[in-house]
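Residues per chain, in single letters:
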Amino acid sequence: MDFELTPEEKAFQKEIREFLDKECNENVVAETLSMEGEGPYSKELLRKMGANRLLTPRWPVEYGGRGMGAMAEAIKVDEINSHHAPFPLDGVEVGNALLICGNEEQKKRFLPGIARGDIEFALGYSEPDAGSDVASVQLRAVEDRDEFILNGQKIYNTEAHFSDYHWLLTRTDPSAEKKHRGLSLFMVDLKSPGITIRPLITSAGLRTNEVFYEDVRVPKENMVGEKNGGWTVIMNALYGGGGGGGLATGTKRVIDTLVKYALEEKQDADENQWIPETMAGLYIRTHVGELMGLRATAFADLNVSPPYGGGGAVSRLLGGDTRRLLYNTAMQILGPYGQLAKDSKWVPLNGEILREYMDAPRWTIVHGSQEIQKLVIATRGLGLPRR
Ligand SMILES: Cc1cc2nc3c(=O)[nH]c(=O)nc-3n(C[C@H](O)[C@H](O)[C@H](O)COP(=O)(O)OP(=O)(O)OC[C@H]3O[C@@H](n4cnc5c(N)ncnc54)[C@H](O)[C@@H]3O)c2cc1C
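Note that the structure is predicted; figures quoted are calculated from it, not measured.

Once that is clear, we can look at the domain arrangement of the protein. Where interface size is quoted, it is often the accessible area lost as the parts come together. With domains assigned, the protein is organised as domain 1 (7-87), domain 2 (123-239) and domain 3 (249-381). The C-alpha centroid of domain 3 is placed 22 Å from the C-alpha centroid of domain 1. Tallying the contact residues gives eleven residues for domain 1 and twelve residues for domain 3. Here domain 1 meets domain 3 over a buried area of about 890 Å², counting both sides, of which 51% is carbon and sulfur. Counting across the interface, domain 1 meets domain 3 through one salt bridge. Of the charged contacts in the structure, one is a salt bridge between Arg-58 and Asp-301, with a shortest N-O distance of 3.9 Å. No other element matches the five residues that helix α4 (residues 70-83) contributes to the side of domain 1 that touches domain 3. Considered class by class, the residues forming the side of domain 1 that touches domain 3 number five nonpolar, four polar and two charged.

Moving on, we come to the site of the ligand. The local shell around the ligand holds 18 residues, among which Ser-132, Tyr-156, Thr-158, Ser-369 and Glu-371 are the closest. The contact in question runs from an oxygen atom of the ligand to an N or O atom on the backbone of Tyr-125, over 2.9 Å. A distance of 2.9 Å separates a nitrogen atom of the ligand from a polar atom in the backbone of Tyr-156. Per-element tally for the shell around the ligand: the top contributor is helix α12 (residues 370-381), with three residues. Class assignment for the residues of the shell around the ligand results in eight nonpolar, seven polar and three charged. Looking at which domains feed residues into the shell around the ligand, each of domain 2 (123-239) and domain 3 (249-381) gives three or more.

Before going further, it helps to spend a moment on the pattern of salt bridges. Summed over the entire model, instances satisfying the criterion amount to 30 salt bridges. Residue Glu-4 pairs with Lys-10 through a salt bridge whose shortest N-O separation is 2.8 Å. Judged by relative accessible area, Lys-10 falls into the partly exposed class, the value being 41%. Taking the shortest distance from any N to any O, the salt bridge between Glu-264 and Lys-260 comes out at 3.5 Å. With Glu-264 and Lys-260 both in helix α8 (residues 249-265), this residue pair falls four residues apart, about one helical turn. Residue Glu-264 is classed as partly exposed on the basis of its relative accessible area, which comes to 45%. A relative accessible area of 51% means that Lys-260 is categorised as exposed.

Cut-offs used in this document
- In this numbering scheme, every chain counts its residues from 1 along its sequence in written order.
- Local features in this predicted model are restricted to residues of pLDDT 70 or higher, and side-chain atom pairs are both shown and tallied only at a pLDDT of 80 or more, whereas totals for entire chains, interfaces and linings draw on every residue.
- Where side-chain values are given, they derive from all heavy atoms of the structure, hydrogens and water being excluded.
- Where each domain begins and ends follows an automated or database-derived domain assignment.
- What makes two residues a contact is simply this: any of their non-hydrogen atoms within 4.5 Å.
- Accessible area that two parts lose when put together, evaluated with a 1.4 Å probe and summed over both, is termed the buried area.
- Here a salt bridge means any side-chain nitrogen of Lys or Arg lying within 4 Å of a carboxyl oxygen belonging to Asp or Glu.
- Here a helix means four or more residues in a row that DSSP labels H or I, a strand means two or more in a row labelled E, and each is numbered from the N terminus.
- Under the grouping applied here, Gly and all other residues not named as nonpolar or charged are polar, the nonpolar ones being Ala, Val, Leu, Ile, Met, Phe, Trp, Tyr, Cys and Pro and the charged ones Asp, Glu, Lys and Arg.
- The rule for a residue being near a molecule or strand is that one of its heavy atoms must lie within 4 Å of it.
- For this analysis, a polar contact is any N or O atom pair within 3.5 Å, provided that within protein one partner can donate a hydrogen and the other can accept it, and provided that sequence-adjacent residues contribute only side-chain to side-chain pairs.
- Buried residues are those whose accessible area, probed at 1.4 Å on protein chains only, stays under 20% of the maximum for their type, while exposed residues exceed 50% and partly exposed ones sit between those limits.

Written out as structure tokens, the structure reads:
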């Protein structure tokens, strides 16, 4: 298998890397690292990226993309992560689903705005009693002439406090025999009367939100797909975008930094004999994860789900696990000094590790927990029955 980037992909990588080297300044990085969500500097950067068609390289040219393949998307994600740039993943995920399930009017209304960096979406799937089992969603949508009236609660809707629209999964038929057949998907203006957004802060300091709906009215033309056909729409949103990441530039950079630190600071071979073995294990995992991600990305361009789980379940599983192990190992190598505050003069490696260590478990939950990724691999990939 040849994973060498094509000349067009190499040129795109160079372009976005040079762009972010120049434009992703310390104000943007500070906003990203604050974990409070996008602020004014991030918005400005996203608009500049949009003006250069760097946000949605895979979308058709008519909607603000470049008509490139899934590898361009992987390159974009890799560069954004490496530069600590803002990550407008939710809007792009919504756009991917709109390309498949939206009508022409919806595509024209939303896709160019997302591609320009003007329109942001928050994902509104999870509820207090519907996380892994997202088909259990209860937020009620009741038809009223040319509108629907919405009542209920969402939880962990991370980008809701700075987004323009909510990509909202609702229940339109509570009596459906199979619960996933009674769901509908809406795009709701987050400034609509009756919406209350309340902060929830994770142990790592990341801002996410609870969102409450009280008699909120949404026009019928904001429904995506058929009434009670929301399940098909979210399957396309969750698995239709294709690809599973791939390039692991940021992770490799952290490994290189740890190796350099260990060579300089951990010279007692007896005391530190666990380090080479652990680092070798991490190196192998990172490369396996990268290869699995690249493979999923290659399959995405063929419009085929990779074997052993659709939509990159394997690379999500490996990616989340590797990240957790990476920062666990980093904290062990740094020892107690790693726990010092970022502004302490004694903290090693600019105090970057603690924040990432605290945040690492997020990546084993947020795109579906590790158990759920395994379930996808077992049922979709291996054909085993669902419990
Ligand atoms: C930081 C953060 C950001 C998030 N952002 C968003 C967002 O923007 N929008 C959004 O809609 N959601 C978001 N989520 C929610 C996320 O998608 C859910 O947390 C996730 O799907 C798990 O759901 P849950 O928390 O309800 O856990 P549960 O589903 O209650 O699971 C609890 C435990 O049980 C296990 N489990 C559940 N079902 C099974 C099963 N069938 N077999 C085996 N084990 C099982 C799980 O693996 C887990 O370990 C976010 C979550 C976090 C932590």
